[in-house]
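Residues per chain, in single letters:
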Amino acid sequence: MAGSPTDDDELLGRVFLTRVVEPGDETGGRWVRERGVAEVVRRLREGGRPLPGVSAKRWAGLRARAVRADPRRDLAVARAAGARFVTPGTSEWPGQLDDLGDARPLGLWVRGRPNLRVWALRSVAVVGARACTEYGAHMAATLAADLAERGWVVVSGGAYGIDGAAHRGALGAGGATAAVLACGVDRPYPPGHAKLITRIAEQGLVIGELPPGDHPTPSRFILRNRVIAALTRGTVVVEAAYRSGSLVTARAAQRLGRHTMGVPGPATSALSGGVHELLRGDGVLVGDAAEVVELVGDMGELPPDRRGPVLPTDLLEHRTRQVLAGLPARGSATAAEVARRAQTTPDDAIARLYELRALGYVERHGDGWKLTRQAMISVRGGRRTC
């Protein structure tokens, strides 16, 4: 935490403000932008007339918090927990967070060795329902593992359900993952994910706006989502009902000009309703990591062509396939009947029928021709049935 006195004052001031001002408070952000950290800290400590944009009652509440704030103690607690405080303008600060304007974090508490700015440059958010289905958990884990194997950092919120599946998928693939919490980074939440979040801190990054020991609230979860959206190149929603915090993340990503994606699910599932609504708007449907990377990656990172299996009949010349298709599925047909169905001449049909016989697709019975068992299997394989 070393630096010049000016740097130390800025650092201590921002740590102080994380204890006083709620995350995403645009009024507080405007104060910092217009007056500077030192002036805002001084006014909050000394009291007097409220700063613009707040009532006397709210100002009194901020002043009460300011009296109890001790930035040096917060830094010491964070250091003991293996955390550091990253501020705007420093080399580790992800510049894309500045897109949040006055709602930009005052700073971020970070646990883990990797450089936050470097990791954020190639990151994707994978979010979704807490009470997810087995399908959702499977898709989240598979998607995260494949993204991690492609060198992408998987960012999520550390919660139960889709978040946890995404983190575990990335870790299981030996890849990179980061959890953005709605509480102090020294206080894993939810408690049932304490081991998972500790593992993420050891192998990746645990990030949060709130000072050490601070607790989550419903509003803080919602405000945390804007950081996930701003930090990453795109957001993938795996499962979400119509009223889901994951959709808040997706909408924040859209407002910031980030890519917004959704993994489709059963039309009968309430947990897919929110995702499908997103896809009916500006969201892009994705089914795997290759399709995600096509959107968020560099130019030329395209997914492979999507094709069904190559059938032996696919290798036949086009007009020969037409003759083969001219034979009935059951029974036999004359060369003239086949020619009519294939829209060719009888002589051409006969020549191609003998070619097909040599390949084992048809056989002759008197004046008629019929499909062999081999041809029946091949033809049926290329036809979609209900």
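Owing to the predicted nature of the structure, the values given are computational and were not obtained by experimental measurement. (Residues numbered from 1 in each chain as written. Predicted model: local features only at pLDDT ≥ 70, side-chain atom pairs only at ≥ 80, totals over all residues. Heavy atoms only, no water.)

Some points on the overall build of the protein
When helices and strands are counted, the protein shows 17 helices and 12 strands. By the compact-globule yardstick of 21 Å for 386 residues, the protein is too spread out, its C-alpha radius of gyration being 30 Å. Overall, the C-alpha framework of the protein stretches about 105 × 40 × 35 Å when taken along its three principal axes. Within the protein, the fraction of its 386 residues that count as buried is 51%. Intrachain contacts of the protein at a sequence separation of at least 6 include 68% that bridge at least 24 residues. (Helix = DSSP H or I, 4+ residues; strand = E, 2+ residues; numbered from the N terminus. Rg over C-alpha atoms; globule rule 2.2 N^0.38 Å. Buried < 20%, exposed > 50% of the residue type's maximum accessible area, 1.4 Å probe, protein only. Contact = heavy atoms within 4.5 Å.)

What to know about the packing of helix H14 (residues 318–325) against helix H16 (residues 346–358)
For the pair H14 and H16, the least separation of the axes is 10 Å and the interaxial angle reads 90 degrees. In this view, H14 runs roughly perpendicular relative to H16, as classed from their interaxial angle. Contacts from Arg319, Thr320, Val323 and Leu324 of H14 reach H16 at Asp348, Ala349, Arg352, Leu353, Glu355 and Leu356. Looking at the contact of H14 with H16 residue by residue, the class counts come to 5 nonpolar, 1 polar and 4 charged. (Axes fitted to C-alpha atoms, helices over the stretch in contact; angles between N-to-C directions. Parallel < 35°, antiparallel > 145°, perpendicular 65-115°, else oblique. Nonpolar A, V, L, I, M, F, W, Y, C, P; charged D, E, K, R; others polar.)

Things to note about the UniProt feature "domain: Smf/DprA SLOG" (unreviewed entry) in the protein
Residues annotated by UniProt as "domain: Smf/DprA SLOG" (unreviewed entry) correspond here to residues 85–295. Counting secondary structure, residues 85–295 comes out at 39% helix and 16% strand; the distance between its end C-alpha atoms is 32 Å. (UniProt positions renumbered as here; feature names shortened; annotations may be inferred.)

Observations regarding the sheet that holds strand E10 (residues 333–334)
Spatial ordering of the open sheet is given by E10-E12-E11, a layout of 3 strands whose pairing is antiparallel. Here the strands that pair on one side only, and so sit at the sheet edges, are E10 and strand E11 (362–365). (Pairing = 2+ DSSP bridges.)

Side note on the pairing of strand E8 (residues 259–262)
Alignment of strand E7 (residues 234–237) against E8, held across 4 bridges, turns out to be parallel. Bridging across to E8, Val237 finds its partner in Gly262. With helix H11 (residues 245–255) bridging E7 and the parallel E8, this β-α-β connection has right-handed handedness. As paired strands, E8 and strand E9 (residues 284–285) are joined by 2 bridges and run parallel to one another. Paired with Gly262 across the bridge in E9 is Leu285. Since E8 and E9 lie parallel, the crossover through helix H12 (residues 273–280) that links them has a hand, and here it is right-handed. (Right-handed = clockwise from strand over helix to strand, strands pointing away.)

Thoughts on helix H9 (residues 194–203)
What H9 keeps buried is the set Leu196, Ile197, Ile200 and Ala201. Seen end-on, H9 carries its buried residues on one side only, within an arc spanning 140 degrees. Of the exposed residues in H9, the ones pointing more than 90 degrees away from its buried face are Lys195 and Glu202. Those residues of H9 that are buried lie in contact with strand E2 (108–111), helix H8 (162–172), strand E5 (177–181) and strand E6 (205–208). (Arc of directions from axis to C-beta.)

Structural notes on the packing of aromatic side chains
What the rule picks out here adds up to 4 aromatic pairs. Plain terms: the ring middles of Phe85 and Trp109 are 4.5 Å apart, the flat faces sit at 50 degrees to each other, and that makes the pair tilted. Taken as a pair, Phe85 in strand E1 (residues 83–86) and Trp109 in strand E2 lie far apart in primary sequence, 24 residues in all. Between the aromatic rings of Tyr354 and Trp369, the centroid separation amounts to 5.1 Å while the plane-to-plane angle is 85 degrees, which identifies the pairing as edge-to-face. Here Tyr354 is found in helix H16, whereas its partner Trp369 is found in strand E12 (residues 368–371), with 15 residues between them in sequence. Its guanidinium or amino end placed over the ring of Phe16, Arg45 lies 4.5 Å from that ring's centre, counting from NZ or CZ. (Phe/Tyr/Trp six-rings, centres within 6.5 Å; stacked < 30°, edge-to-face > 60°. Lys NZ or Arg CZ within 6 Å of the ring centre and 35° of its normal.)

Quick notes on the nonpolar core
Counting 34 residues, the largest nonpolar core has Leu97, Leu108, Val180, Leu205, Ile207 and Val237 as the members making the most contacts within it. Considering each element in turn, this core owes the most residues, 5 residues, to helix H10 (residues 218–231). Excluding residues within four positions of it along the chain, Leu97 makes contact with Arg104, Leu108, Val227, Ala230 and Leu231. Core analysis: the next-biggest nonpolar cluster, separate from the first, contains 23 residues, Val126, Met139, Ala148 and Met261 among them. (Core = buried A, V, L, I, M, F, W, Y, C linked by side-chain atoms within 4.5 Å.)

Points about the environment of Thr133
Looking at the secondary structure, you find Thr133 in the loop between strand E3 (123–127) and helix H7 (134–149). Once residues within four sequence positions are removed from consideration, Thr133 is found in contact with Glu239 and Leu271. Engagement of the side chain of Thr133 in a polar contact is seen with the backbone nitrogen of Gly136, the distance being 3.0 Å. (Polar contact = N/O pair within 3.5 Å; in protein donor to acceptor, adjacent residues only side chain to side chain.)

Overview of the confidence of the model for the protein
In the predicted model, the protein carries a mean pLDDT of 90, and the fraction of residues at 70 or more is 92%. Every residue in residues 1–5 is under pLDDT 50, and counting partners more than four places away or in other chains gives 9 contacts. (pLDDT = per-residue confidence, 0-100.)

Examining the pattern of salt bridges
Applying the stated rule across the entire model yields 19 salt bridges. Two residues, Arg19 and Asp214, come together in a salt bridge whose shortest N-O distance is 4.0 Å. Of this pair, Arg19 sits in helix H1 (residues 5–20) while Asp214 sits in the loop between E6 and H10, and the two are 195 residues apart along the sequence. The residues Arg19 and Asp214 share a single accessibility class, namely buried. For the salt bridge of Asp102 with Arg33, the shortest nitrogen-to-oxygen distance reads 2.7 Å. Residue Asp102 is located in the loop between E1 and E2, and its partner Arg33 is located in helix H2 (residues 26–35); the two are separated by 69 residues in the primary sequence. On the basis of relative accessibility, which here comes to 18%, the residue Asp102 falls in the buried class. (Salt bridge = Lys/Arg side-chain N within 4 Å of Asp/Glu carboxyl O.)

A short note on the environment of Arg251
Within the secondary structure layout, Arg251 lies in helix H11. For the pair Arg251 and Leu356, spaced 105 residues apart in the sequence, the C-alpha separation amounts to 57 Å.

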